[in-house]
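In case you want the letters, here they are:
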Amino acid sequence: MRPEQLLSPTLAGLYCEAGGFHIDPTRPVDRAVITHGHSDHARPGHGRVLATQETLDLMQLRYGSGFAGSAQAARYGETLNLGGVALTFHPAGHVLGSAQVAVAREGLRIVASGDYKDAADPTCTPFEPVACDVFITEATFGLPVFRHGSPDGEIAKLLRSVALFGERAHLLGAYSLGKAQRVIALIRKAGYAQPIYLHGALLGITRYYQSRGIALGDLRLAREADKAELAGAIVLCPPSALNELWSRRFPDPVTAFASGWMRVRARARQRGIALPLVVSDHADWDGLTATIAATGAGEIWVTHGQEDGLVRFCELTGRKARPLALVGYGDEEESADTTGEPP
Ligand SMILES: [Zn+2]
Ligand SMILES: [Zn+2]
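Here the structure is a predicted model, which means the values were calculated and not measured. (Residues numbered from 1 in each chain as written. Chains lettered and ligands numbered in written order. Predicted model: local features only at pLDDT ≥ 70, side-chain atom pairs only at ≥ 80, totals over all residues. Heavy atoms only, no water.)

Caption draft 1: Fine view of the sheet that holds strand 14 (residues 219-221). If you trace the 6 strands from one edge of the open sheet to the other, you get 14-13-15-12-16-17, paired in parallel fashion. The sheet is open, and its two borders are formed by strand 14 and strand 17 (275-277), each paired with just one other strand. Each strand axis lies, on average, 25° off the axis of its neighbour in the sheet, ignoring direction. With 4 bridges connecting them, strand 12 (residues 170-173) and strand 15 (residues 234-237) associate as parallel partners. Across the sheet, Leu 171 pairs through a bridge with Val 235, a residue of strand 15. (Pairing = 2+ DSSP bridges. Helix = DSSP H or I, 4+ residues; strand = E, 2+ residues; numbered from the N terminus. Axes fitted to C-alpha atoms, helices over the stretch in contact; angles between N-to-C directions.)

Caption draft 2: Spotlight on the nonpolar core. In terms of nonpolar packing, the biggest core is built from 34 residues, with Leu 172, Ile 187, Ile 234 and Leu 236 touching the most fellow members. Elements with a minimum of two residues in this core: helix 3 (151-164), helix 4 (179-189), strand 13 (196-198), helix 5 (203-211), strand 15, strand 16 (254-258) and strand 17. With 6 residues, helix 4 is the single largest residue contributor to this core. Setting aside chain neighbours within four positions, we find Leu 236 in contact with Leu 172, Ala 174, Ala 180, Val 183, Ile 184, Ile 196, Tyr 197, Leu 198, His 199 and Leu 202. The next biggest cluster of nonpolar side chains, apart from the first, holds 26 residues, and it includes Ala 74, Val 85, Leu 87 and Val 134. (Core = buried A, V, L, I, M, F, W, Y, C linked by side-chain atoms within 4.5 Å. Buried < 20%, exposed > 50% of the residue type's maximum accessible area, 1.4 Å probe, protein only. Contact = heavy atoms within 4.5 Å.)

Caption draft 3: Broad picture of the coordination of the zinc ion (ligand 1). The protein atoms that coordinate the zinc ion (ligand 1) are His 36 (NE2), His 38 (ND1), His 94 (NE2) and Asp 115 (OD), at distances of 2.2 Å. Classification of the site at the zinc ion (ligand 1) rests on its 4 donor atoms, whose angles at the metal span 87 to 167°, yielding the label irregular. Mapping the donors of the zinc ion (ligand 1) onto the primary sequence gives the spacing H-x1-H-x55-H-x20-D. Separation of the zinc ion (ligand 1) from the zinc ion (ligand 2) amounts to 4.0 Å, with Asp 115 serving as a shared donor to the pair. With a gap of 79 residues between them, His 36 in the loop between strand 4 (31-33) and strand 5 (46-51) and Asp 115 in the loop between strand 10 (108-112) and strand 11 (134-139) connect regions that are remote in the sequence. Each member of the pair, His 36 as well as Asp 115, carries the same accessibility label: buried. (Donors = N, O, S within 2.8 Å, 3.2 Å for Na, K, Ca; no water. Tetrahedral: all angles 85-135°; square planar, octahedral: opposite > 155°, others 65-115°.)

Next up, the structure:
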């Protein structure tokens, strides 16, 4: 069997005809297998959804209980049979509940990894490379210029600034699913024990992480704090709020932004970010290329991001590679991050 007979790119996303399912479909389908809760991968309106319990919970939190006709939870390592196709979920290390999906039939195994990172993250199950014939990889940071470095070093920069400017609030832009909670966990790991303040849009998902046993310390709503309390405090908000009216209530704020894109100075400047922090939930160049090697796959399909660089790398290292040209997967780190909750 050719790989394209098992899994083929369609307008709605990757489709497995034998199993009758799409992976991370971008339009409503009968049966969807969802890798993780980010809005470009997990959309509402499918007939049936198969995902990890955390991904299902996050979809419900974002879209309400009617987010799909029906939902089924899968555990990491568990294999399900859909029309003679074996489907197994493996941790992707991207955000809470994120999974790679291995699809196997007649001795051929394809792994669709969704978004992933191989770096340590105290807020989710670590990434695990899965041996396969065809590996489908994201390419958000698929150029050698992207090397994320140590997130602890970036958090140390933030805490130095907080110590230095004790009268100023530090407004830290972080995406509401995954990044905000990871940054809080990293700040706690660095020994910071003061309350951390949140924009209201971050509250629901952050409380959900806490309910799954992830320790994030004393968290408070920024809107319930008085001005004096916020002097010298760390306040997390969705990146879009950094430039909104909301940010003006804070005493002489220092604006920070945690994103892999902060490696690009021009981006930080464009957004008026005084303190860019390179913290990403996507693998960097070294992570992508090491993971490709670790899967042992002879063929690589590359999707959403810098496809060309990674395709070229595969060819130079003797692997078959193709860009998938799937439409509808933006990097959620650059897409609008609205939750409809009050600030
Ligand atoms: Zn994602
Ligand atoms: Zn993505």
